Amino acid sequence: MDLDEKDTATTLVEEPKVSEGTFDDYSTQRVPEAERDPMWKILMVQIGGFVCLSQFMLGAELGYGMSFRDAVLSTVIGSVILQFIAYGLGLAGQKEGLATSLLSKWSGFGTIGSAVVGLTFAISLIGWFGIQNSVFAQGIVSIVGKNANFGIVSTITGLVVTLSVIFGFKGLSWTTNISVPAFLVVLGVAIYNMMQGHTITGLVTMAAPGAAMTLSSAITMVTGNFIVGAIIMPDLTRRSRNGRDVFWICVIGTLVGELGVNVIGVLMAHAVGTSKIMPIIYQLTGMFGIALIVLSSVKVNDLNLYSASLDIVNFFKQVFHINLNRAWVTIVAGCLGTFLSVIGVIDKFSSFLTVLGVVFPPVASIMFVDYWILKRDRKSLDESRVQGKLPEDTEKFPIVTIVAWVGGSLIGYFVTWGVQSLTVIVASGLIYYVGMKLFGKKATTEKALN
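**Q** Pulling in residues and values, what's your account of a nonpolar patch on the surface?
**A** Where nonpolar side chains cluster on the molecular surface, the patch consists of Ile-399, Ile-402, Val-403, Val-406, Leu-410, Tyr-413 and Phe-414 and spans about 710 Å² of accessible area. When you line up the elements, Ile-399 lands in helix 17 (residues 399–414).

What follows is the structure, given as structure tokens:
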């Protein structure tokens, strides 16, 4: 495409000074090279996203319905699919220094499209916040006793997590440094107690204790469990110093978190004979383990709320040209998520996951294809990056993107054979690639005239 024909005076270029503050965390700008973090700091947050109760629950579900071999195979295949997307988008985020919702503006979605993507992510992440906060509060209630009021406890826990996220990535890193070791202590105690009455050989070779689960269903569960995390990888890696760091963040995070925690969950489901995570934890570690598991859920909600705040700020920036402060957005989003937990959003968990599994994979596929294969805006990004600014040219919301997003989601909903998440990713990517090859010239002309 000929970038020289584009009008470069119509898009916002000057970024507000407020975005340079500690609390706003460069939510509508590139992260400067001087503000990038060492690999270990981001890796801890990434591992924290895997080393969590929901990942452990997934491992137990797989172990309850599958042999050890099949459970590990489904985890490996699902992880490869996830990390291919996560690494591609994470590397783009590192290179550009941009969060996912802002990066999508020059990766197939345009100004309005990126705002819609961001708002969609924000809504889902606030929902996750409400669900995780419910688990957090229920754990505390089970420890304190029946006299504890769930509504009051969930309100307090939600507000405490919200306050920690106001401080941006620094607050996120701080809670992770506490909660990840706590979760690992629980796993260590549980593994020790598990091995008192079982052998590794016996656990690995035994048949699944529950109803059989197919390999394709298991792979879909593995990929669906972290698809949003893969898409929002740039929210973390935009602070990385180089591509090598991004690679090791993805690889180590997967080995320690995705594969490591899943395998332990599989073995424990075999040992205890149930897929219910709290009975497993209680039987193997007692109330001490439940207390630490509750603590570990804090860092997952930190990440949910952190990414949601970035997305909401970008939405108002792109659509209404309003510069909101990320700290205040965090407070509002945290209060909304807390309210959802109080009114029982956790009861709609399965329906919530179904929607996420259909709506979000096309976003990852479209961004990946546009940035790494079609490279429609790479020249613009490269030139503006040298100046430390954002590109001056952009589309609004390409019709091809809308068709690929909706088409991929519908395919994911109606086509139930095979690995559904992989089907959605491939289908939406092909629709977008072919559509841009056929209508890309027209889209470029319209972009130049805006």
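Back to the text.
**Q** I'd like a rundown of the nonpolar core, residues and numbers included.
**A** Among the nonpolar cores identified, the biggest contains 59 residues, and Phe-109, Phe-121, Val-228, Ile-231, Val-363 and Tyr-432 are the most heavily contacted of them. In terms of residues, this core owes the most to one element, helix 5 (residues 110–144), which gives 9 residues. Leaving out residues up to four positions away in the same chain, Tyr-432 has contacts with Gly-108, Ile-366, Val-369, Asp-370, Leu-374, Arg-376, Val-400, Thr-401 and Ala-404. Residues Leu-203, Val-222, Ile-264 and Leu-267 belong to the second largest nonpolar core, which totals 40 residues.

**Q** Please set out helix 15 (residues 361–374) residue by residue, giving values where relevant.
**A** Helix length check: helix 15 (14 residues) gives 19 Å between terminal C-alpha atoms against 20 Å at 1.5 Å per residue, within 8%. For helix 15, a buried count of 12 out of 14 residues is recorded, marking the element as mostly surrounded by other parts of the structure. Every buried residue belonging to helix 15 is among Pro-361, Pro-362, Val-363, Ala-364, Ser-365, Ile-366, Met-367, Phe-368, Val-369, Asp-370, Tyr-371 and Leu-374, and all of these are buried. With its phi angle positive at about 55°, Lys-375 sits one or two positions after the end of helix 15.

**Q** Got a sec to walk through the pattern of salt bridges? Specific residues and values, please.
**A** According to the stated counting rule, one finds 9 salt bridges in the structure shown. Across the salt bridge formed by Arg-30 and Glu-96, the nearest N and O atoms sit 2.9 Å from each other. You can see Arg-30 sitting in the segment before helix 1 (39–50) and its partner Glu-96 sitting in helix 3 (residues 68–96), a full 66 residues away along the chain. Exposure class is identical for Arg-30 and Glu-96. Each is buried. The closest approach of N and O atoms between Arg-376 and Glu-395, which form a salt bridge, is 2.8 Å. Linking Arg-376 in the loop between helix 15 and helix 16 (378–386) with Glu-395 in the loop between helix 16 and helix 17, this pair joins segments that are 19 residues apart in sequence. With respect to burial, Arg-376 and Glu-395 carry one shared label: buried.

**Q** Can you explain empty space enclosed by the protein? Please cite residues and give values.
**A** Under the counting rule described, the total for this entry stands at 4 cavities of 30 Å³ or more. Within this model, the largest cavity holds a volume of roughly 280 Å³. Residue lining of the largest cavity: 19 residues in total, with Trp-128, Asn-225, Phe-226, Gly-229 and Asn-304 positioned closest to the centre. Take the lining of the largest cavity: its biggest share by element is 6 residues, from helix 9 (residues 215–231). When grouped by side-chain class, the residues that make up the lining of the largest cavity number 11 nonpolar, 8 polar and no charged.

**Q** Go over the packing of helix 3 against helix 9, please, and point to the residues and values.
**A** Two elements in contact, helix 3 and helix 9, have axes whose closest approach is 8 Å; the angle formed by their N-to-C orientations is 30°. With respect to helix 9, the axis of helix 3 lies roughly parallel. The crossing of helix 3 and helix 9 is right-handed. Of the residues in helix 9, those in contact with Asp-70, Leu-73, Ser-74, Thr-75, Ile-77, Gly-78, Ser-79, Ile-81, Leu-82, Ala-86 and Leu-89 of helix 3 are Leu-215, Ala-218, Ile-219, Val-222, Thr-223, Phe-226, Ile-227, Ala-230 and Ile-231. Of the residues that constitute the contact of helix 3 with helix 9, the class distribution is 14 nonpolar, 5 polar and 1 charged.

Definitions and limits used
- Residues numbered from 1 in each chain as written.
- Predicted model: local features only at pLDDT ≥ 70, side-chain atom pairs only at ≥ 80, totals over all residues.
- Heavy atoms only, no water.
- Patch = residues over 30% accessible without salt bridge, like charges linked within 9 Å, V, L, I, M, F, W, Y side chains within 5 Å.
- Areas by Shrake-Rupley, 256 points an atom, 1.4 Å probe, with all protein chains shown as cover.
- Salt bridge = Lys/Arg side-chain N within 4 Å of Asp/Glu carboxyl O.
- Helix = DSSP H or I, 4+ residues; strand = E, 2+ residues; numbered from the N terminus.
- Core = buried A, V, L, I, M, F, W, Y, C linked by side-chain atoms within 4.5 Å.
- Buried < 20%, exposed > 50% of the residue type's maximum accessible area, 1.4 Å probe, protein only.
- Contact = heavy atoms within 4.5 Å.
- Expected span 1.5 Å × (residues − 1).
- 1 Å grid on protein atoms, 1.4 Å probe; cavity = no way out; pocket = protein on both sides within 12 Å on 5 of 7 lines; lining within 4 Å.
- Points joined across faces, edges and corners; volume = space filled by probe spheres on them.
- Nonpolar A, V, L, I, M, F, W, Y, C, P; charged D, E, K, R; others polar.
- Axes fitted to C-alpha atoms, helices over the stretch in contact; angles between N-to-C directions.
- Parallel < 35°, antiparallel > 145°, perpendicular 65-115°, else oblique.
- Left-handed = near helix turned anticlockwise from the far one by under 90°.

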